[in-house]
Amino acid sequence: MTAPVARLDLRAYACPLTWVKTRIALERLPVGGRLELWLREGEPVESVPRSAEEDGHRVLSVEAIPGEPPGAYRVLVEKGAAPAAALP
Amino acid sequence: MPLSAKSALVIGAGGLGGPALLTLAAAGVGRLVLVENDAVDTSNLNRQPLFKEADVGERKARVAAARLAALFPSVVVEPRDERFDAGNAVELIRGVDVVLDGSDNFATKFLASDAALRAGRPLVHGGVLRTTAQLLTISPAGLGGCLRCLFEAPPPPGSVPSCADAGILGPVASFAGGLMAAEALRLLAGERGAYEGRLFTYEARTARGRLVLVRKRQGCAACAGTQPLGGTASASACEVTAGRSGELA
Amino acid sequence: MALTEDRVARWSRQLIVPGFGEAAQERLQAARVRVVGADGVSSAALVALVQAGVGRLWLDDPEAVGPADRAGWLFPPASVGSDRAAAARAALAPLSAYVSVDAYPTGGVPDATLVCAPSAAQAMAAAEAARRARIPHVVVEVDGDGGAVISVPPGAPCYACARSAAGGGRPPAAGVAALASLAAVELVQLVATPEVVGAGRRIELVRGMTSVRPTVRLAGCACAEAPAQG
């Protein structure tokens with residue numbers, strides 16, 4: 001079990017910047033590296049994990065953040081080996 | 001009639017509408033009406049040719065009209081800083097010879113399709129999604145279908161698409177907008193449109209173009225004139241309105 | 001190297017295009033692109049390249065703005081008669097704080113070339129210079145409101161192999177902006193995501209429709225040989 005190598009607090013952002021920043025952070029990680037995202041409820045936490053999966057990454061968990069005001073979620077993503085970014 | 005006696009309505013002055021407006025003005029179309037109710041954002045500047053660095057925060061309609069007037073003083077440009085909606089759509093379209101839809105959401109695209117049929121004017125529909133450009137001409141007199149013949153209805157507002165669908169490779173939008181203008185110029189010259197009844201898509205990575213025939217769908221309410229104007233969809237939180245076959249400006 | 005916060009916001013919409021990303025945007029930002037022909041025809045491509053984030057544009061055009069250039073996107077009435085590269089620069093520079101637009105410095109070595117030359121001979125010469133320098137280049141052949149765009153990655157069949165056999169096309173017509181934009185699409189991909197384009201290709205645009213085919217080396221063409229060293 002590896003600890004997350006990076007954490008990104010995106011609670012201040014809306015789509016598509018949430019995904020822009022997530023994608024760049026993932027691009028900077030080695031394959032298998034993990035990224036912890038903090039996202040607001042609603043559209044960010046619904047669409048960012050889906051976009052990550054579409055891009056070939058693994059969403060390991062989505063959970064409310066203990067100790068934080070409600071409405072914030074922690075999403076753990078593992079960088080995929082062959083992201084959908086690789087072309088057909 | 002010369003081109004200088006013709007007019008066009010361009011919905012949106014951004015990634016599609018911008019290149020289309022510049023091309024139509026350069027060609028000498030006499031009167032251009034542009035509907036755009038947004039302000040310039042820094043994320044627009046990878047692709048929207050009417051706006052420069054210093055315009056961020058300004059109203060798009062005003063900036064676009066000023067830029068077009070400076071470059072092409074003989075063209076009459078009418079900026080309308082308002083929403084294109086069911087209240088003004090038919091009236092705006094009746095005032096011109098051809099409509100170009102460069103809007104960035106499904107609700108507006110369906111409304112434009114419905115209203116153009118209602119007003120009896122040809123519509124050039126354009127879209128860009130990621131690296132793909134999409135064109136369709138809807139002609140009131142033609143045999144080809146409309147947007148509702150193709151998709152029936154906009155996707156419901158709740159169906160939030162992937163955020164990656166907001167991605168646009170800048171120059172692909174410019175290509176799509178240029179194709180829209182070239183098509184409108186064909187229609188204004190009285191020629192048959194290249195995309196009448198034919199959905200054309202161009203995928204930039206493979207450089208492959210594809211044509212799909214769009215026939216009038218039996219029972220299409222919009223083609224029959226019984227469709228209430230516009231869809232029920234509203235833009236999602238991230239302006240992304242693309243479904244499985246989405247398009248964005 | 002990483003994109004700064006303001007650059008991320010600026011190019012956010014293309015940074016999320018699958019297959020594009022930070023590394024691709026940085027390649028664009030680092031590129032020096034020579035554009036042969038900064039006129040009314042290439043104007044849409046120039047705007048698209050500046051906005052997409054090419055770092056440095058070198059405008060190679062010794063002519064003055066003529067009445068025909070008014071059909072482009074860059075040349076207001078008062079610019080007619082003035083230096084074309086300077087007039088284009090004046091219109092392009094305000095579009096982006098992240099690009100430098102300059103006249104082509106004689107002897108300057110670009111990372112890619114867009115050839116939108118007014119004559120076939122000039123197009124051949126510019127393409128050949130790019131081939132010898134082993135840099136990716138894109139050549140525009142205008143034919144009315146359409147024409148062709150030829151993409152030549154390093155090592156691909158050269159422009160002389162891929163150019164139109166029919167010779168010169170019709171003069172540019174309204175609507176040629178689409179063709180110029182298509183050339184910008186190809187150049188951006190050749191610089192930012194070369195693996196996407198792969199081999200050389202020729203894209204025809206006729207009456208709003210495209211067709212593409214891979215370019216093929218002509219028998220005996222000198223481009224088959226490795227370039228001479230030194």
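Predicted model only: the values in this text are computed from it and were never measured.

1. Regarding the overall build of chain B
Step number 1: Looking only at helices and strands, chain B has seven helices and eight strands in total.
Step number 2: Burial status across chain B gives 62% buried among its 249 residues.

2. Some thoughts on the nonpolar core
Step number 1: One finds Leu-21 of chain B together with Ala-183 of chain C to be the most contacted residues of the largest nonpolar core, which totals 180 residues.
Step number 2: Here this core gets 13 residues from one element, more than from any other, and that element is helix α8 (residues 177-192) of chain C.

3. Quick look at the sheet that holds strand β5 (residues 137-143) of chain C
Residues and elements named next belong to chain C.
Step number 1: Read from one edge to the other, the open sheet built from eight strands follows the order β3-β2-β1-β4-β5-β6-β7-β8, with strand pairing classed as mixed. Looking at the sheet topology across the chains shown, the edges are occupied by β3 (100-103) and β8 (209-214). Adjacent strand axes in the sheet meet at a mean angle of 15° when their direction is disregarded.
Step number 2: Judged from the three bridges that link them, strand β4 (residues 112-115) and β5 form a sheet pairing that is parallel. Paired with Val-115 across the strands is Val-139, a residue of β5.
Step number 3: Against the sheet, helix α6 (residues 120-132) contacts β1 (32-36), β4, β5 and β6 (146-152), and its axis sits at roughly 170° relative to β4.

4. A closer look at the sheet that holds strand β1 (residues 6-9) of chain A
Residues and elements named next belong to chain A.
Step number 1: Spatial strand order, β1-β2-β4-β3: four strands in an open sheet with mixed pairing. The open sheet terminates on both sides in strands that have one partner only, identified here as β1 and β3 (58-64). For this sheet, the mean inter-axis angle between neighbouring strands, taken without regard to orientation, is 20°.
Step number 2: Pairing between β3 and strand β4 (residues 72-78): six bridges, direction antiparallel. What sits directly across from Arg-58, in β4, is Glu-78.
Step number 3: Running over the sheet, helix α2 (residues 43-54) touches β2 (34-40), β3 and β4 and is turned about 155° from β2.

5. Some points on the interface of chain B and chain C
Much of the literature gives interface size as the accessible area that the parts lose upon coming together.
Step number 1: Taken together, the contacts link 45 residues of chain B with 46 residues of chain C.
Step number 2: Where the side of chain B that touches chain C is concerned, the elements lending two or more residues are α1 (17-27), α2 (60-71), α6 (170-188), β7 (198-203) and β8 (208-213) of chain B.
Step number 3: Looking at the side of chain B that touches chain C residue by residue, the class counts come to 28 nonpolar, ten polar and seven charged.

6. Section: the packing of α1 of chain B against α6 of chain B
Packed helices, taken two at a time, are described by their axes: the angle between them and the distance between them.
Residues and elements named next belong to chain B.
Step number 1: Running from N to C, α1 and α6 cross one another at 40°; their axes reach a closest spacing of 7 Å. Considering their axes alone, α1 and α6 lie oblique with respect to each other. Note on packing geometry: the crossing formed by α1 with α6 is right-handed. Only Ser-174, Gly-177, Gly-178, Met-180, Ala-181, Ala-184 and Leu-185 of α6 make contact with α1, whose side of the interface consists of Gly-17, Gly-18, Pro-19, Ala-20, Thr-23, Leu-24 and Ala-27.
Step number 2: Residues that form the contact of α1 with α6 fall into these classes: eight nonpolar, six polar and no charged.

7. Quick notes on unusual backbone geometry
Step number 1: The linkage connecting Cys-15 of chain A with the following residue, Pro-16 of chain A, adopts the cis geometry, with an omega of 5°.
Step number 2: For Pro-16 of chain A, the position within the fold is in the loop between β1 and α1 (17-28).
Step number 3: A positive phi angle, near 55°, is found at Arg-130 of chain B, a position not held by glycine.
Step number 4: With respect to the helices and strands, Arg-130 of chain B occurs in the loop between β5 (123-129) and β6 (132-138).
Step number 5: Under the C-beta neighbour-count criterion, Arg-130 of chain B is labelled buried, with 24 such atoms within 10 Å.
Step number 6: Despite not being glycine, Ala-207 of chain B has its phi angle at roughly 65°, a positive value.
Step number 7: Among the secondary structure elements, Ala-207 of chain B is positioned in the loop between β7 and β8.

8. Comments concerning the environment of Glu-196 of chain B
Residues and elements named next belong to chain B.
Step number 1: Position of Glu-196 relative to the elements: it lies in the loop between α6 and β7.
Step number 2: The class of Glu-196 is buried, set by 21 C-beta atoms lying within 10 Å.
Step number 3: Spatially, the C-alpha atom of Glu-196 lies 22 Å from that of Leu-229, the residues being 33 residues apart in sequence.
Step number 4: When near neighbours in sequence (up to four residues on either side) are disregarded, Glu-196 contacts Thr-137, Ser-139, Gly-142 and Gly-144.

9. Thoughts on the confidence of the model for chain A
Step number 1: Per-residue confidence for chain A gives a mean pLDDT of 86; residues scoring 70 or more make up 86%.
Step number 2: Here residues 83-88 of chain A is modelled with pLDDT under 50, and outside its nearest four sequence neighbours on either side it reaches 15 contacts, counting other chains as well.

The rules we used
- Residues numbered from 1 in each chain as written.
- Chains lettered and ligands numbered in written order.
- Predicted model: local features only at pLDDT ≥ 70, side-chain atom pairs only at ≥ 80, totals over all residues.
- Helix = DSSP H or I, 4+ residues; strand = E, 2+ residues; numbered from the N terminus.
- Buried ≥ 20, exposed ≤ 12 C-beta atoms within 10 Å, placed from the backbone.
- Core = buried A, V, L, I, M, F, W, Y, C linked by C-beta atoms within 7 Å.
- Pairing = 2+ DSSP bridges.
- Axes fitted to C-alpha atoms, helices over the stretch in contact; angles between N-to-C directions.
- Contact = placed C-beta atoms within 7 Å.
- Nonpolar A, V, L, I, M, F, W, Y, C, P; charged D, E, K, R; others polar.
- Parallel < 35°, antiparallel > 145°, perpendicular 65-115°, else oblique.
- Left-handed = near helix turned anticlockwise from the far one by under 90°.
- pLDDT = per-residue confidence, 0-100.

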